[in-house]
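# Notes for the structure review
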Amino acid sequence: MTEQDSRAENRITVEDVHKSFGDNEVLRGVSFEVAQGSATTVIGPSGSGKTTLLRALNALDVPDSGVIQIGEERIDFSKPVGKDQLRRYRAQSGMVFQAHNLFPHKTALENVTEGPLIVQKRPKDEVEAEAVELLSKVGLADKRDQYPYQLSGGQQQRVGIARALALKPKVVLFDEPTSALDPELVGEVLSVIRDLAVEGWTMVIVTHEIQFARQVSDQVLFTDHGLILEKGPPDEVIGNPKEERTRQFLQRILNPL
Amino acid sequence: MALLALVSAGCGGSDESPVKSSGVLRVGTEGVYAPFSYHDAATGELVGYDIDVAKAVADKLGVRVEFVETPWDSIFAALEANRFDVVANQVTITDERKAKYDLSEPYAVGEGVIVTRADDNSITSLADLGGKIAAENATSNWSEVARQAGARVEAVEGFTQAIKLLNQGRVDVVVNDSIAVYAYLAETNDNSVKIAGTVGQKSEQSFAARKNSGLLPDLNKALDELRADGTLAAISQKYLKANASGAPEAAEAPQQPRSTLQLVLDSLWPLAKAAITMTIPLTIISFAIGLVIALVVALARLSSNPVISNVARFYVSVIRGTPLLVQLFIVFYAMPELGVRIDPFPAAVIAFSLNVGGYAAEVIRSAILSIPKGQWEAAETIGMNYTTTLQRIVLPQAARVAVPPLSNTLISLVKDTSLASTILVTELLREAQRIAAPTFEFFALYGTAAVYYWVICLALSFGQARIEHRLERYVAR
């Protein structure tokens, strides 16, 4: 099987997912699909449930009900879910955090090799060679032995991306990957993500970068109050939104004054 | 009839005597009470009036003697806990003790004596005390004797202070037990005071054994023989330079004093040995076990299971809410009542480990809590389970936070090990007490011990700095 063939299964199906924290219902029945090799961006106001939606795809927040299928792993969350099943499900996706969450006591290289070495228990030579390749891909080959505190915010986030890719996930999830960055560092991270889109990675990206979303994604989801209010190609959702709420949101983001 | 009773008692004793059947007489004694039970300054050997009497008794019984050194305040608790068979430590016969313990015939007999300055010939009996000033321990019966004889009594802390006031001419007379006076004169070679007369009140010292021990017939028979053949008198002359055995006379032998500097120099190696063989191992072993307990307890406290976390909370509360000394006593003196008898060193390790466990658990718990939630999540997303995350991601980072407070715990522990001296562990402080006792050089010996503790703690602080430096290599400075 070639790499391209293995990605034929890299699609996501989400059916009627609900999630509450206490009395607060954050996801109120969300459904969408992500085609293999495509990029989906999720936009929407704060508190609209977009981050919870992304975290549900990685089981960091386990949904109360609904069905999610990533690759071949399908889980019905209205039934009890076993630990092993959850672990297999989680292994389908790689996660890039807003605050990067790199391990501060490990070098850039060690951050990338930690998962494949310790969790997947693969041979060290092979893992390190791949990790060096991944670091080159994100433009940080020369930073392999630096600790996170020695890197800039953009560099830290790019190591975070390499770490997520190292486990060879079927899909990559980005939780506002540039929100915590200084404006001049945003570009280098977005360009790495754009490269991944071109390579054909299946991705879901929560972001406030509307222009970037328009350029890079095949599908845009607009969330509001725990629902997907509008979804479609970027030219429709961003270029010509049907819903009044979407229009208001875009207005506020694009012309804050 | 009397003969018959003696014979049957003798038979019963020799047949059932637990000592003869075990072949060893275990003797509890202070080891710091010169000249009765102390360590010879030159040889370091346990010697003294009571020691030699106990050895002679064991000899007569044809058994081995084994001394167990115990502080006076816990000596009867240790007797009850079956750490030894008899106490040989100038136990005075009283009605209360007679009711609780088997007391042998006396092997030392004192009587009240009147002490004056050597050049004072105005006092020879109680009748001469009218209008004189006496220095007495306020709670002692001698105080009452002096007062009834018409003396004005100055209350003092103890015998040594009383004699000092007498020397300085501030008081005229001290009334006390002859054995205490003999002991003082033998130790100090003070010839500025003398025994001027007696007051006729006797005090008798005997061995104490557990009630119904069955030891009394053997002990008394041996003491009778030793009294008859002059051994008791000889031992008394050796240590008290007087006959306080309640038996006829025999020979004598003096001892020679040493300078304070020589004493400190001679004590350097024994003290170092005590530190190296006891204090340091006790600290290291207890701390290592304590850390393991602490980690388990910290994780239990963080558990989402309320039963587990409450058990851990209770443990921490008990350990931190009770004195370490009480914990040591419970493990060592109280557990035997439940049938669990633990030797001194392991008992100390258990008590100290549990104590460190309680304190360090809170340090480790707060260090774990200081690690951001994002670190757990990042580990989770790369597929790590709880244990691996803890081991590889959380604890290495928590260590950096925990090292300074844990170092405090360790340094406290070094000094706390001195409490083990109360449960018969011959560690640094106990060794200093042993050496100091017969010489009265407490300042020099305790000062030396303090320096040893300080040096150990200095070394630990140095180690702490190195570990902190190493753990901070990944932190922006």
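Residues numbered from 1 in each chain as written. Chains lettered and ligands numbered in written order. Predicted model: local features only at pLDDT ≥ 70, side-chain atom pairs only at ≥ 80, totals over all residues.

### Examining the environment of W376 of chain B
Residues and elements named next belong to chain B. Along the polypeptide, W376 turns up in helix α15 (residues 373–381). For the pair formed by W376 and Y386, sequence separation is ten residues and the distance between their alpha carbons is 8.7 Å. In this structure, W376 is in contact with T389 and V394, ignoring residues within four places of it in sequence. (Helix = DSSP H or I, 4+ residues; strand = E, 2+ residues; numbered from the N terminus. Contact = placed C-beta atoms within 7 Å.)

### Points about the interface of chain A and chain B
Taken together, the contact between chain A and chain B spans 20 residues of the former and 17 residues of the latter. Of all the secondary structure elements, the ones that give two or more residues to the side of chain A that touches chain B are α3 (83–90) and α4 (108–119) of chain A. Per-element accounting of the side of chain A that touches chain B gives the leading share, four residues, to α4 of chain A. By residue class, the composition of the side of chain A that touches chain B is twelve nonpolar, four polar and four charged. (Nonpolar A, V, L, I, M, F, W, Y, C, P; charged D, E, K, R; others polar.)

### Focus: the packing of helix α16 (residues 386–416) of chain B against helix α18 (residues 442–471) of chain B
Residue and element names in this part refer to chain B. It is at 10 Å that the axes of α16 and α18 come closest, and there the two elements cross at 170 degrees. Considering the angle they form, α16 stands roughly antiparallel to α18. On the side of α16, the interface is formed by A399, R400, V403, P404, S407, L410, I411, V414 and K415, while α18 contributes Y453, I456, C457, L460, Q464, I467, E468 and L471. Partitioning the contact of α16 with α18 into residue classes produces twelve nonpolar, two polar and three charged. (Axes fitted to C-alpha atoms, helices over the stretch in contact; angles between N-to-C directions. Parallel < 35°, antiparallel > 145°, perpendicular 65-115°, else oblique.)

### Describing unusual backbone geometry
Here H225 of chain A, not a glycine, exhibits a phi torsion of approximately 50 degrees, which is positive. By secondary structure assignment, the location of H225 of chain A is in the loop between β9 (219–224) and β10 (227–232). Phi at N82 of chain B takes a positive value of approximately 60 degrees, unusual for a residue other than glycine. Take N82 of chain B: it is sitting in the loop between α4 (75–80) and β6 (86–92).

### Things to note about the confidence of the model for chain A
Within chain A, residue pLDDT values average 90, and 97% of them lie at 70 or more. Segment residues 1–8 of chain A: pLDDT under 50, and six contacts once partners within four positions in sequence are set aside and those in other chains are kept. (pLDDT = per-residue confidence, 0-100.)

### Examining the sheet that holds β10 of chain A
All names here are of chain A. Taken in spatial order, the six strands of this open sheet run β6-β7-β8-β3-β9-β10, and their pairing is mixed. Sheet topology places β6 (93–96) and β10 at the edges, where each strand pairs with a single neighbour. Strand after strand, the sheet turns through a mean of 20 degrees between neighbouring axes, direction not considered. Where helix α7 (residues 183–199) meets the sheet, it contacts β3 (39–43), β7 (171–175) and β8 (202–206), and its direction lies at approximately 150 degrees from that of β8. (Pairing = 2+ DSSP bridges.)

### Some remarks on the confidence of the model for chain B
Residue and element names in this part refer to chain B. Summary statistics for chain B give a mean pLDDT of 85 and a share of 91% for residues scoring 70 or more. Across residues 1–15, confidence stays below pLDDT 50; counting only partners more than four residues off in sequence or on other chains, it has six contacts. A low-confidence stretch, residues 248–255 (pLDDT under 50), is modelled with 14 contacts involving residues beyond four sequence positions or located in other chains. Predicted complex metrics record ipTM = 0.91 and pTM = 0.69.

### Observations concerning the nonpolar core
Among the nonpolar cores identified, the biggest contains 118 residues, and V172 of chain A together with A348 and I364 of chain B are the most heavily contacted of them. Of all the elements, helix α14 (residues 344–369) of chain B adds the most residues to this core, at twelve residues. With sequence-adjacent residues up to four places away left out, I364 of chain B is seen in contact with A294, L295, A298, A398 and A402 of chain B. Listed in part, the 69 residues of the second largest apolar core include V87, Y101, L129 and V145 of chain B. (Core = buried A, V, L, I, M, F, W, Y, C linked by C-beta atoms within 7 Å. Buried ≥ 20, exposed ≤ 12 C-beta atoms within 10 Å, placed from the backbone.)

### Considering the environment of T92 of chain B
Residues and elements named next belong to chain B. Here T92 lies in strand β6. C-beta crowding within 10 Å serves as the criterion here: with 15 such atoms nearby, T92 is assigned to the partly exposed category. Sequence-wise, T92 and V109 are 17 residues apart; in three dimensions their C-alpha atoms are separated by 9.3 Å. Contact partners of T92, with chain neighbours within four places excluded, come to S203, E204 and Q205.

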